[in-house]
Amino acid sequence: MTRIGYGGDYNPEQWPREVWDADYRAFALAGIDTLTVGVFAWAHLQPAEDRYDFAVMDAIVGRATAEGKRIVLATPTGAMPPWLAHAYPDACRVDFEGRRHVYGQRHNACPSSSDFRRLSSALAGRLADRYGANKAVVAWHVGNEYGGACWCPACGAAFRDWLRKSYGDLDRLNHAWNTVFWSHTFTDWEQIPPPNALSEHWRGPDHTAFQGITLDYRRFMSDALLGGFLAEKAAIREHVPTTPVTTNLMGLYQPVDYHRWAPHLDFASWDNYPPADPSPVRTAARMALAHGLVRGLKGGKPFWVMEQTPSTTASRDVNPVKRPGVLRLWSWQSVAHGADAVLYFQMRNSRGACEKYHGAVLDHAGRTDTRVFREVAELGAELARVGDAVLGARTPARVALLVDWDSWWAVEMSDGPNRHVRYLDVVTAYHRALWQAGVPLDVLPVTADLTRYDVVVAPLLHMVKGDLPERVWDLVDRGGSFLTTALSGRVDEDDNAFLADVPGSFAGLLGVRVEETDAQPPDVVNPVSFGGAAHDARHVFEVVVPESAEVLGTYGADFYAGTPAVTRAARGRGSAWYVGTFLDDSGVAAVVRSVLAEHRLVGPLADVPGVEVAERVTVAGERYVFVLNHSGSAVTVPCPAGGVDLLGGRAFTAGDDLALAPTAVVLLRCQ
Amino acid sequence: MTRIGYGGDYNPEQWPREVWDADYRAFALAGIDTLTVGVFAWAHLQPAEDRYDFAVMDAIVGRATAEGKRIVLATPTGAMPPWLAHAYPDACRVDFEGRRHVYGQRHNACPSSSDFRRLSSALAGRLADRYGANKAVVAWHVGNEYGGACWCPACGAAFRDWLRKSYGDLDRLNHAWNTVFWSHTFTDWEQIPPPNALSEHWRGPDHTAFQGITLDYRRFMSDALLGGFLAEKAAIREHVPTTPVTTNLMGLYQPVDYHRWAPHLDFASWDNYPPADPSPVRTAARMALAHGLVRGLKGGKPFWVMEQTPSTTASRDVNPVKRPGVLRLWSWQSVAHGADAVLYFQMRNSRGACEKYHGAVLDHAGRTDTRVFREVAELGAELARVGDAVLGARTPARVALLVDWDSWWAVEMSDGPNRHVRYLDVVTAYHRALWQAGVPLDVLPVTADLTRYDVVVAPLLHMVKGDLPERVWDLVDRGGSFLTTALSGRVDEDDNAFLADVPGSFAGLLGVRVEETDAQPPDVVNPVSFGGAAHDARHVFEVVVPESAEVLGTYGADFYAGTPAVTRAARGRGSAWYVGTFLDDSGVAAVVRSVLAEHRLVGPLADVPGVEVAERVTVAGERYVFVLNHSGSAVTVPCPAGGVDLLGGRAFTAGDDLALAPTAVVLLRCQ
Amino acid sequence: MTRIGYGGDYNPEQWPREVWDADYRAFALAGIDTLTVGVFAWAHLQPAEDRYDFAVMDAIVGRATAEGKRIVLATPTGAMPPWLAHAYPDACRVDFEGRRHVYGQRHNACPSSSDFRRLSSALAGRLADRYGANKAVVAWHVGNEYGGACWCPACGAAFRDWLRKSYGDLDRLNHAWNTVFWSHTFTDWEQIPPPNALSEHWRGPDHTAFQGITLDYRRFMSDALLGGFLAEKAAIREHVPTTPVTTNLMGLYQPVDYHRWAPHLDFASWDNYPPADPSPVRTAARMALAHGLVRGLKGGKPFWVMEQTPSTTASRDVNPVKRPGVLRLWSWQSVAHGADAVLYFQMRNSRGACEKYHGAVLDHAGRTDTRVFREVAELGAELARVGDAVLGARTPARVALLVDWDSWWAVEMSDGPNRHVRYLDVVTAYHRALWQAGVPLDVLPVTADLTRYDVVVAPLLHMVKGDLPERVWDLVDRGGSFLTTALSGRVDEDDNAFLADVPGSFAGLLGVRVEETDAQPPDVVNPVSFGGAAHDARHVFEVVVPESAEVLGTYGADFYAGTPAVTRAARGRGSAWYVGTFLDDSGVAAVVRSVLAEHRLVGPLADVPGVEVAERVTVAGERYVFVLNHSGSAVTVPCPAGGVDLLGGRAFTAGDDLALAPTAVVLLRCQ
């Protein structure tokens, strides 16, 4: 690659050929060099089980190749064609309510269906055989946004196989699930049903009588979906030895544990549709977290933004347009966090069905004189100008944030103490504080090597697995800082409580013992004093007995008024921090800044709200500093580094006045 | 008919004969001359498949005939008897969730069940054979409140037949539904399932992956229900050549397209249960709209109010009593809008089951000294006094409001831009402004002849079908005014986007191009300045590029501040107005008044809130002006016309002080 | 018994033997003398259909016996083992939505399953045979918290049998259900389906087209569940002639009519988990009501609190800890209202599954130095100190509150007038007023003997059955007072309206006629003046015509302003009060105090909010007065009786200053 990839999903099979010509004229105007083709193309690639038809795809690939575009070739298996569902009704999913679906929507195939597996893999192989040698094909894109779940009999059987492999015998399974409770001891594998509304659940997927079976089903389902990816990848690899194979992930997507998938992706990519939030600053932080998570999947290697919308989404209740400049701002933010390609869904608006109002580079009239097209084209030109400068560059982080799907699942399916505690709320609150502090940050699984970090933050790490406690002790011993929160360290990998003081294997390190866990409704606030100010705490209030920790923050109300809410234990050359409640943003920021300050890691623009500073450093050591103004207001800041702005062309010395319009982006090639 | 029909649903089969005697004494006191009998009588008319028993019905009809009442004879097919469901389980419906129901409730028969069709038609024929010659029978009332839907295999098959007839071949169907999107290309008719929660839908009936299939299913289901009506009507017509046949509609009822039904009704009738609204004025406008819609079904001919409650409903969460005077006010409002009969549900309170607390002319104690009975009787006397004066008279409207079920369905099942936009909210807002302006108004389908109108208002006309654009051009050319709103003109009859500038086939007429469609949550307001005032706009904000239109209103906020929100294009001798957002009541009123003012159509009491003026004109040219005070307060207004008040007896000259107590009704026979 | 029982649920089968040793050391520290064992033990008692294994239970029972504990021996049939569900899928329930469940959760057995009945009874018999002779076993505890419902075909058949027995023939059934309405006349028993979402219901269990069938299904299901209890009890009785048999009820639990169960319980017991309420005073009153209800089941005999949590629940959205002193306060409140045992769920926290965060005497670390254990142990010591003083003592009540499941069911499944009226809201409001007035109170079924009472309060007694009107006339004739409210006296035992003036059989006694029943949304308030003050009334406003009653309160607004809202009829030597609306707490209190004042029954601390006074009197006539401070504040009151405080040791003369800390408890042995 000689530049940041730019383009996106392109489905010309929906249009007559004269529209293709107009498309390519527009692509040229917009600096588009990368096209993702074939997503959802199954029906025309294989109009019947015994018939393939590559005529349309040949034309699409041929034209893109001839036009010099880089092609991302998708297998079309994200949506079955009608004939498949009709011939194999069991290839459709059974939902959480226990109902077999018939044909409709997309992402509708049972991952345990042998028919679907056979047919999808065969088609992937055919595509690989036909287009694998084409040099224009720079990547393979398997399926689409893997997700959802199935509870059909085939999945039930596959689940039992998975359990047999995981546990070996029923005694171990019964122990892991604590089935002695409520007389659930399984005496035959066949007695185990998929956990859903007809068995262990009530009030939905988060309410289960046995957390163990539900947790394992989520792990199993994540693996089952991965099985589909792997089968297609294997079929591709029979014909395509080296072109990288990926799939488009969805960032902070709860149903699939991307850490279980990561080893199998040749590079990571994801679709960036941040959830609606009236605050652009919170939205920016949310995207930064997701970029970090995806970058962390492959050990910090650059990733792709496989999709983002040029303007609106369509699937939400309310679908605003991106304000002027936001498309550019968010695209550069992607690059700042490690993206080496920034792609759109989609090149042209569909005529009908549920995405006809989803934004596109070209609208239904095909105009190139709209605001949206103009912004797309200006960004294309800018990306071309920057060329290969930052390609492959890495984020130089000394701070790690731990994210763990098992903890996410476990804490949200827990009966007690408080259903209002949501994993992402806590993780994003701690991330936001780190992000605003302007410190380079990696987002990592709990299995990651922590030896290169000074600070490790583990919010709401409900489940503690493997040797993590040892690695955290090591971190602290050698002078690092560890920070965790209420409801962390509660359960082992089977979601069973530690038969020890809370927080289990962290208790000794943190120097505290949690004797009681109070919970209150969302309108109840307990003021926590920390660092000379009072901060609102909510939801959960642990009554903490300090054993060897220093008390840095205390509750202001209730029968535990005056007892510890924030503690710090000096350990080895480092420190272990504990926050026994859920603080508001100011409280989280105060604690996080204190921890970062121990390592002088607070960034230069930490006190300028909504101005983001991010870095990438090339293998050769070239340093690029991005300054992004998400605040919505014009602001002048001291330039955080010296260098030349590759976008504006101006040179700055560190500390110079840097005037940032709303949505401004500065990309400094540092001297 | 020699007077406005008065009476209602009467089910004496629920009572012993001595109660019948009391009933008729009460009917005499209340001036009741019309009785609807037979609704839900199936179980006693046909106690088993092979046995009919007309003894009870003979007595009911005989007594009513002997008492000189006019009889509306209902077929009882709105509710199956248990034996039918038990013998033919497939006659029960499958619901949206895919579940086959067993026996219960009412309106419970699958419209595609051949068993139900056979049995219901046979019974209708038997009734017609037995009672068709009775001169007291003035109308036939088929079934009851047709509605709901079924998704059973029989409906699936009937749907595919309907599609075959509509599309001829699968290529046309695939094109119409844009199935190339998401690999949905159907290659065999049998692959097409009924669209519900098990196929294309999630989150309910308004969320579908393919709008095309769902839209067609709604059309099909409306036709399927109509099929049941038609089969019974045909059976009746074998024995009854001329007595009119109707069914009781439900006004603004979303699931059934009454415009598809209208040609098959001999006259229109409906059940007037306005939705709960704390504002009596809004409620009055809502009823006026529904009356107009029903009157519009048969080209402006008078209709019947087949049901209204004398006091309370029972089926709602909260069921208030009608305040004193309201029964009379609303009944006269019905007449003012074209009703030639005003009937109640019901004559006597049922003992048990779900309507035992539904209001009735006679309560459980059978008292005739209650407030409710007193008001019923006073109105009966008043109706008798007015006699045949207004019978058959028409509404002299020069303004038309277009209502379109396809647009209603399409806009509410659309993914994007904003789920908070509800069709009826917009239609009722524009109607309310027209109603308050006091202009005679017709409510019409989009297929209607527009040549007799000066102003046509088409709120939220999302779908544009047939030659409507030409008819609107004609209107404007000859000096008329056309007004439409945001999200109009977006899709063709298949719900596919026009491949052209928005608003599609209206763009040229309106002289604007909509470049972007922004959407915001309900709490976001953009102030629109129009006519010297600022009005709140919400939900959708189209970024409008004026091509040849004059800008009359502009946004006050966001990146499109200062751009057009309201435009007017001079076209031919007329004008074409566009409102690119959804305004509050004051904004809609300001725009609507401006349009009406172009034709001097604003009524004399337009500025007296809640006072309604309505007219009927007989074939002979006699003009009746109704003045109705819905405001809740006493008010004195200039009399809008000269004439004698048929209710109060006083004569007025136009402009005289007319003192209106709360709920006052004046019915002027104009000189 | 020589002391109030103390202990609770104990499941040592979940732990290795060394934990058992620790448990018994802790029990000794805490003064625990009673252990409930065997709940949910089925899987280890009977690991396969053809194999029983009593080894673990032998050890549990043997150890408890050896340690001198009193054993409550539970049959484990509250949860099926997996093998049972797998072998007999029909033993699983079909839910309200019509779906057959597979294995999961607990309370999961169909009560009509012959397989479940056979196996559960057999196991109960085996347990009785093996442990029935053990003198340490002081009670048998069948199943657990019977509840829920099933709608399977077997239940459908059992329902029809139940109906056949209840009605004899279909004519009587059709008349009772008023099936002539909506053509529902059943002509064969087999046509009657279980009423659920697939038949008569929409929007859930409270929305039914036919109240009659739904009401009967609730009665049937209550009886069907009772059938399971009775079968196990019979199996026990084959081996255990006299040890009392009970089950743990759930207080104000709507699905099961405990008055139908009461005759079959040897003593009553219940699980005290009051619903979350931010007001501790409301919570205290709620518990007092439930204690009273349970005590009323067995004619005032002492009952047991079979479960309460030492600290937190786990199953709620928010699970707070019990504040310091609350455990003691609530435990003594139980005793004050008639409990002769106060037990916990549970002795030790489970490791995993949905109750792992439910509070326990011993936490996961097994500590005995926690606040919770300390409070448990202190209470244990206190209970031991009091010894057998109050055992067997009764509450000397002259006031009765009537609670009726049929009315509860009927009013909440009624269509009209207002779904916001909830039975418990009204009953608890009237109870709260009585409770705060400090008057000894019995909570009784409508069939109870009323001859010993001076005041009978019957809030929202929608259904009137049997000879209750006669018994109420008798009460009033001999000088008593009767008080009832809006929506009372509306329907007979079949839920059919009385064909008479409202309130039916109470109208003559009350001297009023309700002519209209208005309903308004929750935000509409009508001020009712009574006793010199204005009180807010909501939801339902009856328009009351006084026939012979005196008007004591009137509406302040709406068209019925000035008409009666509260009336009193002098009858015989007594009085009959009617409140035709739903008043706020101050209004209810004003009316209730007026009624009590007629009999000088207002207690001495009635005006001290949140301070409860309760009495027990032994057979020998010893009087114990409990004073409990639920107010959350310290307060000094005049001592309501003279005597020695058995807890604090101090002697008081009536009228002495009694200083009550928050959560204070005083137990006076009166002189």
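Treat the numbers as computed from the prediction; the structure is a model and nothing was measured.

Peer 1: An account of the overall build of chain A is needed here, citing residue identities and associated values.
Peer 2: Within chain A, the regular secondary structure consists of 17 helices and 27 strands. In terms of overall size, chain A behaves like a compact globule, its C-alpha atoms giving a radius of gyration of 26 Å where 671 residues would be expected to give roughly 26 Å. Along the longest, intermediate and shortest principal axes, the C-alpha atoms of chain A span 75 × 70 × 45 Å. Long-range contacts, defined here as pairs at least 24 residues apart, represent 71% of the contacts in chain A between residues at least 6 apart. Per element, the accessible surface of chain A, about 20,900 Å² overall, is 53% carbon and sulfur. Charge-centre separation for chain A: the mean point of 63 positive side chains lies 6 Å from the mean point of 78 negative side chains.

Peer 1: Describe the sheet that holds strand S6 (residues 248-249) of chain C, with residues and values.
Peer 2: Residue and element names in this part refer to chain C. Strand order in this open sheet of 9 strands is S5-S4-S3-S2-S1-S9-S8-S7-S6, and the pairing throughout is parallel. With partners counted over all chains shown, the strands left at the sheet margins are strand S5 (245-246) and S6, one partner each. Of the pairings in the sheet, the one linking strand S8 (residues 303-307) to strand S9 (residues 339-344) comprises 3 bridges and is parallel in character. In the strand pairing of S9, Phe 303 is matched with Ala 339. Packing against the sheet, helix H5 (residues 114-131) makes contact with strand S3 (70-74) and strand S4 (137-141), and its axis sits at approximately 180 degrees to S4.

Peer 1: Outline helix H17 (residues 585-597) of chain C, listing residues and values.
Peer 2: Residue and element names in this part refer to chain C. Taking 1.5 Å per residue as the helical rise, H17 with its 13 residues ought to reach 18 Å, and the 18 Å between its terminal C-alpha atoms agrees with that figure. Within H17, burial applies to Gly 587, Val 588, Val 591, Val 592, Val 595 and Leu 596. Buried positions in H17, seen along its axis, are confined to an arc of 160 degrees and lie on one side of it.

Peer 1: Quick rundown of the pairing of strand S17 (residues 550-555) of chain B? Include the residues and the values.
Peer 2: Of the strand pairs in this sheet, strand S15 (residues 526-530) of chain B and S17(B) are connected by 3 bridges, and their pairing is antiparallel. Bridge pairing in S17(B) links Val528(B) to Tyr555(B).

Peer 1: With reference to specific residues and values, describe the interface of chain C and chain A.
Peer 2: Each partner contributes residues to the interface: chain C has 49 residues there, and chain A has 55 residues. At the boundary of chain C with chain A, total buried surface from both sides reaches about 4,400 Å², with 53% on carbon and sulfur atoms. When the buried surface of chain C facing chain A is broken down by residue, Gln105(C), Arg351(C) and Tyr357(C) rank first, second and third, together holding 18% of it. Where chain C meets chain A, there are 7 salt bridges. The salt bridge partner of Lys356(C) is Asp495(A), with a shortest N-O separation of 3.1 Å. Our enumeration of links across chain C and chain A arrives at 29 residue pairs in polar contact (both at pLDDT 80 or more).

Peer 1: Describe in detail the UniProt feature "domain: Beta-galactosidase C-terminal" (unreviewed entry) in chain A, supporting the description with residues and values.
Peer 2: Mapped onto this structure's residue numbering, the UniProt feature "domain: Beta-galactosidase C-terminal" (unreviewed entry) falls at residues 610-669 of chain A. Each end of residues 610-669 of chain A is marked by a C-alpha atom, and these two atoms are 22 Å apart; helix forms 0% of the span and strand 53%.

Peer 1: Explain the side chain of Glu615(B) to me, and be specific about the residues and the numbers.
Peer 2: Residues and elements named next belong to chain B. Note that Glu 615 resides in strand S21 (residues 611-617). Side chain to side chain, Glu 615 and Arg 623 meet in a polar contact 2.8 Å long. Contact partners of Glu 615, with chain neighbours within four places excluded, come to Ala 336, Arg 394, Thr 395, Pro 396, Pro 440, Arg 623, Tyr 624 and Val 625.

Peer 1: Talk me through the side chain of Thr517(B); I want residue IDs and the actual numbers.
Peer 2: In this fold, Thr517(B) is placed in strand S14 (residues 512-519). Side-chain polar atoms of Thr517(B) contact the side chain of Arg490(B), separated by 2.8 Å. Discounting residues that sit within four places of it in the chain, Thr517(B) has contacts with Thr312(A), Asn319(A), Val321(A), Pro417(B), Leu487(B), Arg490(B), Val540(B), Phe541(B) and Glu542(B).

Peer 1: So what about the packing of helix H1 (residues 17-30) of chain A against helix H3 (residues 55-66) of chain A? Which residues, and what values?
Peer 2: All names here are of chain A. Taken N-terminus to C-terminus, the directions of H1 and H3 make an angle of 25 degrees; their axes are 12 Å apart at the nearest point. The orientation of H1 with respect to H3, classified from their angle, is roughly parallel. Our pair here, H1 against H3, has a crossing hand that is right-handed. Between H1 and H3, the residues in contact are Arg 17, Trp 20, Asp 21 and Tyr 24 and Val 56, Ala 59, Ile 60, Arg 63 and Ala 64, respectively. Among the residues forming the contact of H1 with H3, the class breakdown is 6 nonpolar, no polar and 3 charged.

Peer 1: Residues and numbers for the interface of chain A and chain B, please.
Peer 2: The partner chain B presents 54 residues to the 49 residues of chain A that form the contact. For the chain A and chain B pair, buried surface summed over both sides reaches about 4,400 Å², with 53% attributable to carbon and sulfur atoms. At the junction of chain A and chain B, the tally comes to 7 salt bridges. Between Arg323(A) and Asp518(B) there is a salt bridge, with its nearest N and O atoms 2.4 Å apart. One can count 29 residue pairs in polar contact (both at pLDDT 80 or more) joining chain A with chain B. Counting only elements with at least two residues in the side of chain A that touches chain B, the list comes to helix H2 (42-45), helix H4 (82-87) and helix H12 (371-386) of chain A.

What counts, and where the lines are drawn
- In this numbering scheme, every chain counts its residues from 1 along its sequence in written order.
- Each chain is given a letter, starting from A, and each ligand a number, starting from 1, according to the order in which they appear as written.
- Per-residue local features of the predicted model are confined to residues with pLDDT of at least 70, and side-chain atom pairs are confined, for both listing and counting, to 80 or more; whole-chain, interface and lining totals are unaffected and use all residues.
- The side-chain values count all of the structure's non-hydrogen atoms but skip hydrogen atoms and water molecules.
- Runs of H or I in DSSP of at least four residues are treated as helices and runs of E of at least two as strands, each being numbered from the N terminus.
- Put simply, the radius of gyration uses C-alpha atoms, and a globule should come to 2.2 Å times the residue count raised to 0.38.
- Contacts are assigned to residue pairs that have any heavy atoms within 4.5 Å of one another.
- Using a 1.4 Å probe, accessible areas were evaluated by the Shrake-Rupley method; residue-level cover was limited to the displayed protein chains.
- Positive charges are assigned to Lys and Arg, negative charges to Asp and Glu, while His and the chain termini are left out of the count.
- To locate a charge, take atom NZ for lysine, CZ for arginine, CG for aspartate or CD for glutamate.
- Paired strands, in this sense, are two strands between which DSSP finds at least two bridges.
- Fitting a line to C-alpha atoms yields each axis, with helices limited to the stretch in contact; the angle taken between N-to-C directions then spans 0 to 180 degrees.
- Here a helix's expected span is defined as the number of its residues, less one, multiplied by 1.5 Å.
- The buried label applies to any residue whose accessible area, calculated with a 1.4 Å probe on protein chains only, is under 20% of its type's maximum; exposed applies above 50%, and partly exposed to all values in between.
- The arc in question is formed by the directions pointing from the helix axis toward the C-beta atoms.
- Defined in terms of a 1.4 Å probe, buried area is the accessible area two parts forfeit on being brought together, summed over both.
- Definition used for salt bridges: Asp or Glu carboxyl oxygen within 4 Å of a side-chain nitrogen of Lys or Arg.
- By the criterion applied in these results, polar contacts are pairs of N or O atoms within 3.5 Å in which, for protein atoms, one can donate a hydrogen and the other can accept it, and in which residues neighboring in sequence qualify only through two side-chain atoms.
- UniProt positions are given in the numbering used here, feature names are shortened, and annotations may be inferred rather than shown by experiment.
- An angle below 35 degrees is treated as roughly parallel, one above 145 as roughly antiparallel, one from 65 to 115 as roughly perpendicular, and anything else as oblique.
- Each crossing gets its hand from how the near helix is turned against the far one by less than a right angle, where anticlockwise is left-handed and clockwise is right-handed.
- Three residue categories are used. Nonpolar comprises Ala, Val, Leu, Ile, Met, Phe, Trp, Tyr, Cys and Pro, charged comprises Asp, Glu, Lys and Arg, and polar comprises the others, including Gly.

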